[in-house]
Amino acid sequence: MAAELYEKLREHSKSHVYPFHMPGHKMGRGMDFDNIWGMDITEIDGFDNLHHAEGIILDAQKKCAQTFGAEKTYFLVNGSSCGLMAAVFACCNEKDKIIVARNCHKSVFSGLIISGAEPVYVMPENIDGFGIAGGILPETIEKAIEENSDAKAIMIVSPTFEGAVSDVEKIAEIAHKNNMVLIVDEAHGAHFKFNDSFPETALEMGADIVIQSIHKTLPAPTQVSLLHTQGNRFDSVRLETCLAMVQSSSPSYIFMAAADLCREYLDTKGKEDFEKYVQNIEYLRNSIKYLKNFRILDSDIVGKYGIKDIDRGKIVLSSENINCIDAADILAKKYGIILEMSCPGHFAAMTSVSDTIDGYERLIKALKEVDNMDFEKCINRKDMFLIPKPKVIVSPREAFNRQKTSVDFKNSVGKIAAEFAIPYPPGIPVCTPGEEITEDVINILEKYKAFGGEIIGMKHNNLEKIQILM
Ligand SMILES: Cc1ncc(COP(=O)(O)O)c(C=O)c1O
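Computed from a prediction, not measured in an experiment: that's the story for all the values here.

Topic: the sheet that holds strand S12 (residues 295-296)
Reading across from one edge, S12-S14-S17-S16 is the order of the four strands in this open sheet, with antiparallel pairing throughout. Whereas interior strands pair on both sides, the edge strands pair on one side only; in this sheet they are S12 and strand S16 (341-342). Bridge count for strand S14 (residues 314-318) against strand S17 (residues 346-350) is five bridges, and the pairing is antiparallel. Directly across from Leu 317, in S17, lies its bridge partner Phe 347. Contacts from helix H10 (residues 324-335) reach S14, S16 and S17 within the one sheet, and its direction differs from that of S17 by about 40 degrees.

In structure tokens:
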């Protein structure tokens, strides 16, 4: 039997497609690796051990800490996902409260299940006219603390998938005044440090634990991520134990070496290449700012909707009356341009320092042509996909462990969900185990599906049934 996955990938890698998606090395345009098989080793003499680093891996992590502005940095070989799980687990014992932005990535909810922590959810603001979540207001955090002064930690995502950065500085001040650890999911912002036109980093703004996917926006292979720390508001020994629990005991030397190589690239060529990169982003943004049918998410949203700054490297286009999944489909099929994400209301092209001028020109030309095409018009009420504040009836851990049964999806209002329902992308759950299923939840999932979106996490993702607690 042929190795179809391998063959398909090989063919794809040689085709004419252009990736406006992760990983940030852009299919090898920004990074090369010598003798990949020959370098794939295990913990042999002289090569240290990630789970007890005291030699060459520790040195590589220390250099990363310096480059990214952390006191301590740990390599993550299983993506930011494992770093987020470990961070939540490290800061919370069973039944400890944690204030969690409800627009966090699904791995944060896995962290809640693993740790047994009890979430106090806070909601992001909504960006008017885009149907996209903005930032978390410091006042929202303050209010949650007033009612939950015994919470141990605060977990937020900044930037969001679409590039909205919250006022992490004020949130860190509030957290620290109340003896809480601030964990920031900065998976999409690993590049911020390398040019002043990007937002300040979460570490610069005072967060205690910051998780970054360097594979998303920097030249590094998929899964390669970093967990940074500063200060002593958390138990670093427990954090290291938690990391060892969620990472492979055979961490890939290729991945760790790739993090080291990416760091060296940033130290030596980062300044110069990032100057060109930010010029290219502005060229791209200026070229597409007057499209008829699509509106670009731009810096005019800064200072509103809980947004302190935006990442201008994320090109997010939204439409009033075109299903953006259809538009993204045409970009892929007709122009070979593969985007990072598309959902009914918007789509996003992810740029990085490894993009080429040729790539930008292709995207500009294709977007202008797509803008002039006739689409079947639809009433694309973008805000109908915004996640409503959930009612948590049972903690995620308890719900995960309880007996479940499947019931008719349409008749499940008022029942307690026993599973995740996650429109993907962007991967933020509409409901999680232990939450009440509401009319809003049903409507969002049905509409998302009707627009051609995919829903993951459910046993019956055709939406005929949903698992509830017995
Ligand atoms: C906001 C956010 N956080 C965390 C993650 C998980 O990152 P990783 O893919 O590195 O595990 C993602 C993945 O898409 C994400 O969008």
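What to know about the domain arrangement of the protein
Interface size is commonly expressed as the accessible surface area that is lost when the partners come together. By the assigned domains, the protein splits into domain 1 (17-24 + 270-371), domain 2 (50-261) and domain 3 (387-469). Computed from C-alpha atoms alone, the centre-to-centre distance between domain 1 and domain 3 is 31 Å. Taken residue by residue, the interface counts six residues in domain 1 and six residues in domain 3. Across the domain 1 to domain 3 interface the summed buried area is about 460 Å²; carbon plus sulfur atoms make up 77%.

So, helix H11 (residues 357-371)
Helix length check: H11 (15 residues) gives 21 Å between terminal C-alpha atoms against 21 Å at 1.5 Å per residue, within 8%. Those residues of H11 lying buried are Gly 359, Tyr 360, Arg 362, Leu 363, Ile 364, Ala 366, Leu 367, Val 370 and Asp 371. Those residues of H11 that are buried lie in contact with strand S1 (18-20), helix H9 (253-287), S14, H10, strand S15 (337-339) and S17.

Concerning the side chain of Ser 252
Among the secondary structure elements, Ser 252 is positioned in the loop between helix H8 (236-246) and H9. Of the polar contacts made by the side chain of Ser 252, one reaches the backbone nitrogen of Ile 254; its length is 3.1 Å. At 3.1 Å, the side chain of Ser 252 and the backbone nitrogen of Phe 255 are in polar contact.

Topic: the environment of Lys 415
Tracing the backbone shows Lys 415 in the loop between strand S18 (404-408) and strand S19 (422-424). Separated by 54 residues in the primary sequence, Lys 415 and Leu 469 have C-alpha atoms spaced 7.6 Å apart. Sequence-distant contacts of Lys 415, that is, excluding residues within four places in its chain, are made with Glu 435, Glu 436, Ile 437 and Ile 468.

Criteria and thresholds
- Residues numbered from 1 in each chain as written.
- Predicted model: local features only at pLDDT ≥ 70, side-chain atom pairs only at ≥ 80, totals over all residues.
- Heavy atoms only, no water.
- Pairing = 2+ DSSP bridges.
- Helix = DSSP H or I, 4+ residues; strand = E, 2+ residues; numbered from the N terminus.
- Contact = heavy atoms within 4.5 Å.
- Axes fitted to C-alpha atoms, helices over the stretch in contact; angles between N-to-C directions.
- Domains from an automatic or database assignment.
- Buried area = accessible area lost by both parts, 1.4 Å probe.
- Expected span 1.5 Å × (residues − 1).
- Buried < 20%, exposed > 50% of the residue type's maximum accessible area, 1.4 Å probe, protein only.
- Polar contact = N/O pair within 3.5 Å; in protein donor to acceptor, adjacent residues only side chain to side chain.

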